Every structure is written in C-alpha cells, then in structure tokens.
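The chain contents come next:
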Amino acid sequence: MSAPLLRAEGLHKAFGSTAALHDASFAIDAGEVVAVMGPSGSGKSTLLHCLAGIAVPDQGRVLYGDVDLGAASDAKRSALRRTDFGFVFQFGQLVPELTAVENVALPLRLNGVARRPAEATATEWLDRLEVGDVARKTPGNISGGQGQRVAVARALATRPRVLFADEPTGALDSLNGERVMELLTEAARETSAAVVLVTHEARVAAYSDREVVVRDGRTRSPELTR
Amino acid sequence: MSIAKTFLGLLEGGPSHGYDLKRAYDERFGHDRPLAYGQVYATLSRLLKNGLVELDGVEAGDGPERKRYAITEAGVADVDVWLGQPEAPQPYLQSTLYAKVVLALLTGRPAQDVLDVQRAEHLGLMRELTQRKRGGDLADQLVCDHALFHLEADLRWLELAAARLDALAKEVAA
Ligand SMILES: Nc1ncnc2c1ncn2[C@@H]1O[C@H](COP(=O)(O)OP(=O)(O)OP(=O)(O)O)[C@@H](O)[C@H]1O
Ligand SMILES: [Mg+2]
C-alpha cells in the first residue's frame, strides 16, 4: 500500500489551558472524501487547521507527501496552501469588492495565471456549480447559497490536491446543501482531490467514503470501535 | 425492542421478581403499553432455560410471582454483546436505541460507545441511500430522503443523549 497523501500523528494543540487536540491522528488518500464529525468544541476545526498548515500543532507531525508541514518554513506552507490546497468555509470567504468571476479567478491570478485565462477557467467552474448567471455580480448582491457555490468554485478552480471544507453547507437549506455536496464530491472525484469534510450533519457526512469522529480532541475511526 | 435484553439489563441492578421487572419495564420503556404477565413469565422462563438468569430464591407459596431471578455471568456477557453491537439501521428504531442508552446508563457502561457503533452503522446505510438517490428518479429521491431524515434524527437524538450523559457524568465526578 502506498503512503497516504496527507497524514497526521499524535497531534496535540492547546489554547491556553484548553486542550483542543489531544493525541489526534488522521490519514487521507488521494480521491478520498473523509468526514470529520463530532460535537461542537471537540476540535474538528483545529484538526483541519493543523492538517492544512494554517495552525502548527504543539506536538505531533503532519506529513503532506514527504513534506513535514511543521518543519517547513512559513513561506513554504503558504505556497502549499495556495497551490495544493483548497478551502471552503461556512461564511464570509468571498472578497466583497470583487465579482463572482473575479473571486474565483483570484487564486489562479495569485498563482501567476494571466487575467484572461484565469477568468475563462473561473467561468467554467461557475457554470459547473450552476451559478454562471451571477458571474458579474458581487457577493453582496447574490444569495447565501449562490455565494457558497461561488466559494466552492473558487476552491476547486486551482485543482487542489486536498480540499478542506469546514461546514461548507452549514448556512444552506437542505436542497442547496445537498446540491453543493453533490457538485463538490463529483468535482473532487474527477480531479482525484482528497476532501477533508468537517460537518456535524449526518446527511452531509453521507457523501463521504468514511468518517473520523473527534471527541475531546481525540480522533476515533469506527473500525477501531468495533 | 427486546424485552429479554431489557430484563437482563434491569437485573444487573440486583435480583428481582417478575412483577417488579414488569413494573420497572413499564415505567421506563413501556410508553403506555404495559407488558402482559404472560409475556413477562414467558421471557423469564426462556432466559432461565438459556442460562442467562438463575433462580435466586423461591418464597413460600406457589405461582410464578414467588420466584426471584438473578442475572448470571452469561447474562451480563449477553448484555455486553447487545449494547456493543449496532442495530441494523432503519427508520423508527427510537425505542430500541432509547432502551440501549438508558440501560448503558443504569449499568454504568459508556453510552458514547453505543453512540459510536450506531453512528457507523447508520452512516453506512445513509451512504447507500445517498448513492441511490444520486442515480435515481424523483420517486427514489423522495423515498430515500424520507429514510435519510429519519436516520439523521435517530443519530441526532443519540448524540444529544450522549452529550447529556457526558455532562451528567462530569457533574457527578466534580
Ligand atoms: N483561537 C482559539 N483560541 C482559544 N481557544 C480556541 C481557539 N480555537 C479553538 N479553541 C478552543 O479549542 C477547542 C476546540 O475548538 P474547535 O474550533 O476545533 O472545535 P470544533 O469541533 O470545530 O467546534 P464547532 O463544531 O463548534 O465548530 C474549543 O474548546 C475552543 O474553544
Ligand atoms: Mg469548527
């Protein structure tokens, strides 16, 4: 068996006296969708931040391929986040001054793609997420559900190897949430991206291949509890 | 829902007469549908035959109500197995899940474990339904949605119950 695309072992992370992660571990293969579940405050977002190199654990290692994220420089970590990782969060991630198509093109532009090809790719992704019609509108003038689809398009436009999604459907109604999950997992499968999907909703987690449960900063996989 | 398993769980608290078992069952799990005496004694004699309970004493007089039953080691093991294995997920499992959580609490077993094995099992079925829905027509989608929402409701209730038990355990420990 080949090594997983992204893996973490023995993660500890404290905020003051609060232990957010306590010996957490995680592994995900290319093309896999893994749901991270667990009660509020259990450490799901902290785990995601450590896996994505947004936060550095106090103890333990995160390996992306053979890169040790903890040992890498800040510059190397932010370069990886730009080129190899994509992010979708629950709220407020679009740049309010930019139109939808400019928002989606932004990460491509930051990676050095010229404006025209970047916006052409952005337009394709907006169509794919069924929000091509709002391409020229700014986030303040589209619905929350449309905004979330734009955010998913933006996260996928760079064809990330790993997509990190923290409650991506948290603010959407059932039908929109479902459609976003369908489109997101379809696109991820097609591009063999791994998806780390933080959610507390079982119907959303049902789009994953397997789940990891976080409780009190510890991770558990169902195969270990049986 | 299994009356036999529930009796075993209740007997873990100490030996009991059939009548008291029936009362405890009706109170906690009966939901306005009390057990018939026939069911009570049929269940107990089956448990006795299978070695999961034993007679703990028979008082003077005759009739089934004179017998006191105690759980055996095999009975405790049987409860362990029952609480440790998930129910085949299906909508409207509430009463069995409820019984499992309450009995885990009464017998000092971790309710979180009941939740964890059940979550895995429920999610397995929910994945299948989600797949089926993706390929299906509108009728399939509606049927699957109905099942998915009920399964989710079960899980949410279990999660809430486990969280409440956690809070309670912390209070007791403090
Ligand atoms: N930046 C921070 N500063 C201080 N404490 C924090 C910080 N981030 C998280 N925590 C604490 O760490 C613990 C885990 O938080 P985390 O955000 O990872 O939980 P979560 O599982 O994502 O919860 P939710 O489902 O509510 O989003 C919590 O007790 C939280 O209060
Ligand atoms: Mg969170």
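Note that residues are indexed from 1 along each chain, following the sequence as it is written. For naming, the first written chain is A and the first written ligand is 1, with later ones following in the order written. For this predicted model, a pLDDT threshold of at least 70 governs which residues receive local features, and a threshold of 80 or more governs which side-chain atom pairs are given and counted, while totals over whole chains, interfaces and linings are taken from all residues. Water and hydrogen atoms play no part in the side-chain values, which are based on all heavy atoms of the structure.

Is there a simple way to explain the side chain of A:Ser42 in this structure?
Residues and elements named next belong to chain A. With respect to the helices and strands, Ser 42 occurs in the loop between strand S3 (33–37) and helix H1 (44–51). A 1.4 Å probe rolled over the protein chains alone gives each residue an accessible area, and that area as a share of the maximum for its type sets the label: buried under 20%, exposed over 50%, partly exposed in between. Of the residues examined, Ser 42 reaches a relative accessible area of 3% and is grouped as buried. Pairs of N or O atoms are called polar contacts if they sit within 3.5 Å, as long as, within protein, a hydrogen donor faces a hydrogen acceptor (for residues adjacent in sequence, only side-chain-to-side-chain pairs). Looking at Ser 42, its side chain comes within polar contact range of the main-chain oxygen of Pro 39, at 2.7 Å. Those residues within four positions of Ser 42 in sequence are excluded, and the remaining contacts are Ala 20, Val 214, Arg 215, Asp 216 and Gly 217. Elements are defined by DSSP. Helices are runs of H or I of four residues or more, strands are runs of E of two residues or more, and each kind is numbered from the N terminus. Contacts: residue pairs with any heavy atoms within 4.5 Å of one another.

Is there a simple way to explain the domain arrangement of chain B in this structure?
Where interface size is given, it is often the accessible area lost as the parts come together that is meant. Residue and element names in this part refer to chain B. Taken as a whole, chain B is organised into domain 1 (3–84) and domain 2 (96–173). Boundary definitions for the domains trace back to an automatic or database domain assignment. For domain 1 and domain 2, the distance between their C-alpha centres works out to 27 Å. Contacts between the two partners involve 14 residues from domain 1 and, on the opposite side, 12 residues from domain 2. Once two parts are joined, some of their accessible surface, as seen by a 1.4 Å probe, is lost; buried area is that loss totalled over both. Three residues stand out in domain 1 for area buried against domain 2, namely Phe 29, Trp 82 and Leu 83, and they jointly supply 53% of the buried area on that side. Note on definitions: salt bridges are taken to be side-chain nitrogens of Lys or Arg within 4 Å of carboxyl oxygens of Asp or Glu. There are two salt bridges connecting domain 1 and domain 2. In this structure, the salt-bridge partner of Arg 109 is Glu 12, at a minimum N-O distance of 2.9 Å. Among the secondary structure elements, those contributing two or more residues to the side of domain 1 that touches domain 2 are helix H1 (3–11), helix H2 (18–29) and helix H4 (73–84).

Looking at this structure, how should I read the packing of aromatic side chains?
How two aromatic rings sit relative to each other is given by the distance of their centres and the angle of their planes. A pair of aromatic rings is counted whenever rings of Phe, Tyr or Trp (Trp by its six-membered ring) have centres within 6.5 Å, and the orientation is called stacked for planes under 30 degrees apart, edge-to-face for over 60 and tilted otherwise. As enumerated under the stated definition, the model contains eight aromatic pairs over all chains in all. Aromatic pair B:Tyr19 and B:Tyr37: ring centres 6.3 Å apart, planes at 10 degrees, arrangement stacked. Taken together, the residues B:Tyr19 in helix H2 and B:Tyr37 in helix H3 (residues 37–49) connect sequence positions 18 residues apart. Since its relative accessible area comes to 40%, B:Tyr37 is described here as partly exposed. Ring geometry for B:Tyr98 versus B:Trp157: centroids 6.0 Å apart, planes at 40 degrees, classification tilted. Placement of the pair is B:Tyr98 in helix H5 (residues 94–106) and B:Trp157 in helix H7 (residues 138–173), with a sequence separation of 59 residues. Through pairs of rings, three or more aromatic residues link up here, namely A:Tyr64, A:Phe85, A:Phe87, A:Phe89 and A:Phe164. If you follow B:Lys22 out to its NZ or CZ, it ends over the ring of B:Tyr37, 5.3 Å from the centre. The ring of B:Trp82 carries the charged tip of B:Lys100 above its face, separated from the ring centre by 5.3 Å. In this scheme, the term charge over a ring applies when either NZ of a lysine or CZ of an arginine sits within 6 Å of the ring centre and within 35 degrees of the ring normal.

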